[in-house]
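Structural description and commentary
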Amino acid sequence: MPVEYAWSAKAARMEAVRVLLDGGHLVLLADDGVTRLGDIALDTPSGGVISGLFVLSGFPKFCEVLRNGELKRAALYGPRGDLVGGGLTVGKERTDDIVVNETQVTAGNLIKIDAAELRHA
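An account of the accompanying structure is given in this report. (Residues numbered from 1 in each chain as written. Predicted model: local features only at pLDDT ≥ 70, side-chain atom pairs only at ≥ 80, totals over all residues. Heavy atoms only, no water.)

**A few points about the packing of aromatic side chains**
The tally for this structure, following the rule as stated, stands at zero aromatic pairs. Geometry around Tyr77 places Arg36 over its ring, the cationic atom sitting 5.2 Å from the centre. Here Lys61 stacks its cationic end above the ring of Phe59, 5.7 Å away from the centre of that ring. (Phe/Tyr/Trp six-rings, centres within 6.5 Å; stacked < 30°, edge-to-face > 60°. Lys NZ or Arg CZ within 6 Å of the ring centre and 35° of its normal.)

**Thoughts on the nonpolar core**
Ranked by size, the top nonpolar core spans 25 residues in total, and within it Leu28, Leu71, Ile98 and Ile111 carry the most contacts. Only α1 (7–21), β1 (25–29), β2 (36–41), β4 (53–56), β7 (73–77), β8 (83–91) and β11 (110–113) provide two or more residues apiece to this core. If sequence neighbours within four positions are ignored, Ile111 has contacts with Leu28, Leu37, Lys61, Phe62, Cys63, Val65, Leu71 and Val105. (Core = buried A, V, L, I, M, F, W, Y, C linked by side-chain atoms within 4.5 Å. Buried < 20%, exposed > 50% of the residue type's maximum accessible area, 1.4 Å probe, protein only. Helix = DSSP H or I, 4+ residues; strand = E, 2+ residues; numbered from the N terminus. Contact = heavy atoms within 4.5 Å.)

**Describing the environment of Asn109**
Within the fold, Asn109 resides in the loop between β10 (104–105) and β11. For the pair Asn109 and Asp43, spaced 66 residues apart in sequence, the C-alpha separation works out to 22 Å. Residues within four places of Asn109 in sequence aside, it is in contact with Cys63, Glu64 and Val65.

If you want it as structure tokens, here you go:
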């Protein structure tokens, strides 16, 4: 049975994630989970925490598409390149972690992310 955390515990855990992401990157990936299609720098501080919700700051943000491909995954990296969180989905549906207008991207074009937030499970 999964643990149910108190709101204060959720906030503390999300604050720890915020600290790890300060000055890091949101990396947009192809379906293989490795090929980088876009890289968005995060602010310092990277956002604010309200209970179990971590809202990343400075959005909307843009990045240039690095190579042709289909956006499918995303990962969050700290400022030294260490993986903080992976397995995020990218797509056109509201159920995706990152919602975009178009998943097929072409090198040199721009990707715009309007907002980003993480919710504690």
